[in-house]
Amino acid sequence: MFGKRLIEYVIAFMALIILNFVMPRLMPGDPIDAIYGNELVALTPELREQLRAQYLLDQSIWSQFLHYLYSIASGDLGYSYAGKAPVIDIVAGALPWTILLVGTALFGAITIALFLGIESGWRRGERLDRYLFAIFSIINGIPGFFIGMILIIIFALNLKVLPAGGAITHYAGYTGSEYAIDVARHLILPATALCVSELSWIYLLMRGGIISVINEPFIKTGMLKGLDDRTIRYRYAARNALLPVFTRIGIQISQIVAGILIIEAVFTYPGIGYLLHDALLTRDLPLIQGILLIVTISVLAINFTMDILYPRIDPRIRHV
Amino acid sequence: MYKIQRKTIAAMLLLIMAVSATAAAGADMIRIADPSGDYGYPTPHGHYSRGSGYIQMSLIFDTLVWKDADGFVPALADEWSYDENENAYTFNLNMDAKWTDGTDFTAEDVRFTIEYFKEYPYLWADLASVETCEVVDDNTVKILLKELYAPFITEIAGSMPILPEHVWKEVDDPANFVDERALIGTGPYMLEDYSREHSSYLYHANHKYYRGEPKFEKVVFIKAKDGQVVLQNGDADMAPVKPEAIETLEQNGFTAVYGSCFWNHKLMINHHKEPFNRTEFRQALAYGINRTELVEKAGRGYGSQASLGFLPPESDWYTDDQPAYAHNPEKARELLESLGYQLIDGVYEKDGEKLQLELVIIAKETKLAEILKMQLTELGIPTTVKALELTTLDSQVKNWNFDIALSRHGLLKADPKTLINLLQGNTSWSARYFENEELNDKLEEQLHEMDKNKRMEIVHEIQKLCAKDLPAIALYYPDYYYAANDKTKWYFTKEGIANGLRLPLNKLSLVRDSGELASPRTEGDAPEESRTSESASATETPMLPAPVVLLFIFVVYLLRR
Amino acid sequence: MYKPLILRSRGATIGLTLIVLIFLIAAFAPFICWFDPWDYSSTPLQRPSSVHPLGTNAIGQDILSELMYGARTSLTFGLSVSAISLLLSVLIGVYAGISGGIIESILMRITDVAIAIPSIVVIILVAAYLQPNLFQLILILSLLSWQYGARTFYAQTLSLKQRGYISAARNFGAGNGYLTVKHLIPDLYPIMLAGFIIRARYAIFMEAGLAIIGIFDPTTKSLGLLMHHAMEFAYMGTWLWWLLPPGILLALTILGFSLVGYYFEETIDLRHRSMSSGRF
C-alpha cells in the first residue's frame, strides 16, 4: 500500500521535474534576453558571450537535462541570474520566515478551528452554531489577501500600532527579547490574515464531520457507557470528524500555497511566497523553478505523510 | 468556561492594541524605501544590472566626474580637459581622496580600472572607444581615445567607478568577489550590512570622504511595497509614491520630489510589413492617436505628451522644429485614403480587405492598451489586444512577427547617444530602422562630433528625420514622484545619474555641501520629526475611527458580560 | 403547495437565491449598467457619486459596470472549468469502472498521480513562461482538477455495477455503452450536480487568487482582476468603494455555491452513506 503510494508520488515528482525542465526550453528567443530583458543599458557582444558561457547555454538539450537531474540530486537548484547567488542559498534564507509565518498561522487556525468546529457541530442548530456557521461561511469566500489589506489599513496605516510589512525593523539594533518582540509584532498581521483565511474551511469541515458522526452508534454507546460529554466530543467524535479534514488537504493545498504566496506578497514578508512573487515580477526564471521545486517537494511530502497517518487516525480502518 | 474564553479574547485584543510605538530612527540615520529593495552586492560586478543597483554601488565607489542638479561636478578628478590634437582627455585627480582601508588613491588606480574593465566588461561603462590610459604623474591621467567620441565624459568619466588596484589586481572572478575587501572604495559611505533575505542595506559614514562630511551616520535602504504606508507609518524617510498620494503626504509634512520625462511609453511598429512599411500609414497612426488623452487617462494626468523625435523638451538636445502630430483624425483619414483605403461601415478597407491590427503588450500595460485600442478602433482601424509574457513579446518583436506593440524605455535625458540605441540598437525596444540613409549617417556623425554646438545641430536634424519617418511612435512620458521628509534635500540629477538614471537618489544628497557648515545637525531636526509624526494621524482616510471604535466596543462588551 | 426539496433547507435556499441573483447580474449586465465598462471617458479615480455609484478606476472606467461584467467573466470561468473538468471526471471515472482490467488500473493510477500533483505549482510554472489567455487558462485549470471527481465516479460506478438491475440488464445482453448511457449516467446525476457546484466554487475562488498574483488574462475584466487593480490604490482611501465591493461579491458568490454544495453533499451523504469520501 505504502509502496504503491510512494511510486505514485515519485511519478508525480518526475512529471513536475520534466515540466520544470521543458518549459524554459520551449520559449522563443535568446535565453540571455529572457534573463536580462530590456533592463540592460547596453549589452555588448563580448558581455553576451561571457554570460552565455557562464550560464552553460551552449550545451545540447540532453546533456542539459542530465546535468539538470544531476544537479537536483546533488541539491543544486541552479543559479539565480538576477540574484547572483545559488538558488538554494536564496531559498534557504527565506524558508525560516515562511515556516515561522505558516507554522504560527496554521497552528492557530487548526487549534481554533478544531475547537470551534467541534463545539459548533455538537450544538448544531443552536444560536452559537448558527452564528459561527454564518460567519465562517462568509469568510470562506474572502481571499486571504483581502483580510490582510484590511488589517494593514486599520492597524498600520490608521492606528499605526503595527508595522505594515517586513519581518523585522531594519537596523534598529534590537537584541534578545527586544528582537523577539520585534519579530512578533511583524508577525501578528500576516499570521492573523493567513490564520483567518485558513480557519474557515477547517472549521466548516470539522463541523460537518462532527454532525455526520453525531448519530453514529459508537457515540451513542459512549453516552450509554456514561462517559463524560467532553471525552466523547474530543476523543471519539473529533477523531472521526478529522478524517474529512485530512482528505481535503490534498485538494486544499493548492489554495493554501496560493494563500501564503499572496499574504507574503501583501505584507512584503520575506518568505518563499514573496520570493516567488518577486521572481515572477523580475522574471528570475531559475529562482521560480527552484522555489516551485521546493514547494512541490514539500507538498508531496505533506500529502504522503497524510496518507501514512490516515489509517492510524481512522478508527474504522484500524479496527478492521 | 465561557467567561475565561471571553477574558482571554479581550486580553488578546487589548494586547494587540497596546503593542505600539515604532522606534523612530534618530536624525543621524536616514532610511530610504523602495518596492524592489534588493539590488545585489554593491560592487560593480556584484550589483544587479538595473539602475538602482548602480545607485547602491555609487555610495561606495566614486567616478572621475559626477553630476548634480545642474550638470557635471568634480569627483575623483578636480578638473579635466580635452586635447583635440591627441584626441585625449586629461584628468587632474584629487589627492585628498583615500581608499577606506587607508591607502592613498593614485593615478595608477584609474589606469588599472580601465584595463580591468576592458578585461571584465562592466555594463555601465562601455570602454570600446578607449585606446589606452597613461599615467602622467601621481595625480594626472591621460585617456586616449580610438576615435572621436562625444559621449566620453558622460559615459565613461561620469559612469565608470574607480577600483583600488591593490585589491582588485588579484581578482579574476569579480562577480563572485564578495570579500570585505571588495567594498573598499573612496565614496562617502561604507557598507556595514547587506541582507538579501530582507532586501536591506546598511551603510555608515566614511568620515575621511574627500568632498565633505557625510550628512548621516547611517544610511539604510529597505524594501516596502507601498511608499505612502511606510512614510506615514514612520518607517522610512524617503520613498517613491503615487502622484495622488502627494497631497496627503504634504499635509503630513513630507516634500514631493518630482521628475518628468525620464521614461517613455512608445508604440513599436512593424515597419517591415504591409501596410506599416508606408511612412504615410505610420503618420496616419500618429495623427489618429490622441496622445493628450493617453496622458490624461493612462497617466492620470501625471505626465506629458512625448515628442516624436524621442528626446523630451526638457533635454538640452531637444528641438521643437519637428512635426508634432497633434491629434487630428481628419488628417489621419486623408493619409489613409491617400493609400487607397476606404471607410466602409466604420472600418477601413483596401481591395476588399478589412484593416485589422493586433496590439501585443505585457500584462502591466493593459490600461494603456485598452485606450489605444478604443482610439484606433474609433478611427476605423479595428484593433485587438493580446497580452504576452515578456520574453515572448520581445522575441516576436525582434523577429518582426507582430503588427504593433507597446514598449518602454528610459535614458531619455541622457547623452544623445541614446538615440542610436533607440533607433538602431539590437534590443527589442529599438526600432531597428535603417531605411533612411541620411538618418543613418547623422546618427554616426553626431557620435564623433566633439563640438557641442555642431553636435547639437546634427541631433536636431536626427529628431526631425525621426519625427518624419516615425520608425516608432513615442506616446507619453509619465511623471515620477517621490516623497521625503526634511532630513535632506533630494533632487533629480541633470541628464540623470551616470548614464541617465531617472532616480532622485544622488549620493551628493547624502553629503554635506562645502557651503553647509558643519553645524550641529540633530537639534534642528528633532522637533520637526515629532511634529511630522503627530500631524500624520489627523488626516487621510476619514473612515479610520469606525473600525477602531468597533473594536473598542467589542472589547468592552466582552469584558462586561 | 408543492415546495421543491431544496427550498426546504434554509441554507440551500439562501445559497440558491445568491446564485440566482449573481447570475441575473451577470446575465443582464449590459442592460443594467449605464456605462460600458471599457468606456474610459470619465475622470479617473472619482469618488462614488450618483453618476458612478462606486466611483471610477485609474483610467476613468465606471467601477460598478466593471464589477457586473467582472462577475460575468468570473462565473463563465468558474462554470466552464467546472463543466470541462466534470466531463473529464465522468469519462475517466466511469470508463475505468466499466472496463475493468488493465484500462482500469492504468486510468486509476494516472488519477492517483494527478491527485498527488499540486496544481498551483503547475499553473504558476506555465504562467511564468506563457501568458495564458482566458480560454487557455480554463483548459489548464480543467486539466488540473478532474482527478478528484474521477475517483468518486469510479467508486460510484463500481458500487452501481453490483446492483441487481445492472446485472439483470447485463444478463439480457446489454453492452457497456448501453449500460453506461441508460443506467449508470442517470444514476450519477445527483453526484454530478454536487460535484459541478463544488468545482465551480473552487474555480471561481482560484480565478480571484490567480488574478491577484497576476496570472490571469489581463485583457478581460473579472472580479479577481478588479481587486488586483484596486490593490494598487487601496491605501489611498479608495478601497472602500473599489476593493471592498468585488471582495464582497466574490464572497457572496462563493457562499452561494458553498451553501448549495453543502445541501447536495448532505443529501447525497444520506442516500449513499458509503461514498462520503468528501472528495469531489
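Residues numbered from 1 in each chain as written. Chains lettered and ligands numbered in written order. Predicted model: local features only at pLDDT ≥ 70, side-chain atom pairs only at ≥ 80, totals over all residues. Heavy atoms only, no water.

Asks: Sorry if this is basic, but what is going on with a nonpolar patch on the surface here?
Replies: Taken together, the side chains of Leu6, Val10, Met14, Ile18, Val22 and Leu26 of chain A define a hydrophobic patch exposed on the protein surface, amounting to about 490 Å² of accessible area. Turning to its location among the elements, Leu26 of chain A is positioned in helix α1 (residues 2-26). (Patch = residues over 30% accessible without salt bridge, like charges linked within 9 Å, V, L, I, M, F, W, Y side chains within 5 Å. Areas by Shrake-Rupley, 256 points an atom, 1.4 Å probe, with all protein chains shown as cover. Salt bridge = Lys/Arg side-chain N within 4 Å of Asp/Glu carboxyl O. Helix = DSSP H or I, 4+ residues; strand = E, 2+ residues; numbered from the N terminus.)

Asks: Could you clarify how one ought to interpret the nonpolar core in this entry?
Replies: Side chains that are nonpolar tend, in soluble globular proteins, to be buried together. Of all hydrophobic cores here, the largest spans 185 residues; its most connected members are Phe145 and Val266 of chain A together with Leu243 of chain C. Counting the residues that make up this core, at least three belong to each of domain 1 (17-73) and domain 2 (95-319) of chain A. Excluding its chain neighbours within four sequence positions, the residues that come into contact with Leu243 of chain C are Phe145, Phe146 and Met149 of chain A together with Met227, Ala230, Met231, Ala234 and Thr238 of chain C. Judged by nonpolar contacts, the second largest core, of 107 residues, contains Tyr41, Ala75, Trp124 and Ala472 of chain B. (Core = buried A, V, L, I, M, F, W, Y, C linked by side-chain atoms within 4.5 Å. Buried < 20%, exposed > 50% of the residue type's maximum accessible area, 1.4 Å probe, protein only. Domains from an automatic or database assignment. Contact = heavy atoms within 4.5 Å.)

Asks: How do you make sense of empty space enclosed by the protein when you look at a structure like this?
Replies: Any empty space left between atoms is shown by rolling a water-sized probe over those atoms. One pass over the full model with this rule turns up seven cavities of 30 Å³ or more. Empty space within the largest cavity amounts to approximately 250 Å³. Along the walls of the largest cavity sit 20 residues, with Pro143, Gly144, Gln255 and Gly259 of chain A together with Phe205 of chain C positioned nearest its centre. Mapped by element, the contributors of at least two residues to the lining of the largest cavity are α7 (144-158), α8 (176-213) and α10 (229-266) of chain A together with α9 (176-212) of chain C. Here the residues of the lining of the largest cavity are counted per class, giving 10 nonpolar, eight polar and two charged. (1 Å grid on protein atoms, 1.4 Å probe; cavity = no way out; pocket = protein on both sides within 12 Å on 5 of 7 lines; lining within 4 Å. Points joined across faces, edges and corners; volume = space filled by probe spheres on them. Nonpolar A, V, L, I, M, F, W, Y, C, P; charged D, E, K, R; others polar.)

Asks: I keep staring at the interface of chain C and chain B and nothing clicks. Help me out?
Replies: One widely used convention gives an interface's size as the accessible area the parts lose upon coming together. Counting residues at the interface gives 29 residues for chain C, matched by 25 residues for chain B. Of the roughly 2,200 Å² buried between chain C and chain B, counting both surfaces, carbon and sulfur atoms make up 66%. Where chain C touches chain B, the interface holds two salt bridges. Among the salt bridges present, the one from Lys221 of chain C reaches Glu370 of chain B, with a minimum N-O distance of 3.9 Å. Our enumeration of links across chain C and chain B arrives at six residue pairs in polar contact (both at pLDDT 80 or more). Elements represented by at least two residues in the side of chain C that touches chain B include exactly α5 (119-129), α10 (223-233) and α11 (239-242) of chain C. Grouping the constituent residues of the side of chain C that touches chain B by class yields 16 nonpolar, nine polar and four charged. (Buried area = accessible area lost by both parts, 1.4 Å probe. Polar contact = N/O pair within 3.5 Å; in protein donor to acceptor, adjacent residues only side chain to side chain.)

Asks: Hey, could you run me through the interface of chain C and chain A in this one?
Replies: At the junction of the two partners, chain C supplies 49 residues and chain A supplies 56 residues. Taking both sides of the interface into account, the surface hidden between chain C and chain A amounts to around 4,700 Å²; carbon and sulfur atoms contribute 72%. Taken as a group, Leu125, Tyr129 and Tyr235 of chain C account for 16% of the area that chain C buries against chain A, more than any other trio of residues on that side. Seen at the junction of chain C and chain A, the total is one salt bridge. Between Glu8 of chain A and Arg109 of chain C there is a salt bridge, with its nearest N and O atoms 3.2 Å apart. If you look at where chain C meets chain A, you find one residue pair in polar contact (both at pLDDT 80 or more).

Asks: Please clarify how the side chain of Asp34 of chain B should be interpreted in this entry.
Replies: Residue and element names in this part refer to chain B. In this fold, Asp34 is placed in strand β1 (residues 29-34). What makes Asp34 buried here is its relative accessible area of 16%. A distance of 2.5 Å separates a polar atom in the side chain of Asp34 from a polar atom in the side chain of Tyr39. With near-sequence residues (within four places) excluded, Asp34 lies in contact with Tyr39, Ile222, Lys223, Ala224 and Pro240.

Asks: I'm lost on the sheet that holds strand β13 (residues 264-269) of chain B in this one. Help?
Replies: Strands belonging to one sheet form pairs held by backbone hydrogen bonds; the direction of such a pair is parallel or antiparallel. All names here are of chain B. Taking strand neighbours across the sheet as the criterion, the six strands line up as β14-β21-β13-β20-β18-β19 in an open arrangement whose pairing is mixed. A strand with exactly one partner marks an edge of an open sheet, and here the two such strands are β14 (303-305) and β19 (383-388). Recorded for the sheet is a direction-independent mean angle of 25° between the axes of neighbouring strands. Pairing analysis gives six bridges linking strand β18 (residues 357-362) to β19, with the strands arranged parallel. Bridge pairing in β19 places Leu359 opposite Val385. (Pairing = 2+ DSSP bridges. Axes fitted to C-alpha atoms, helices over the stretch in contact; angles between N-to-C directions.)

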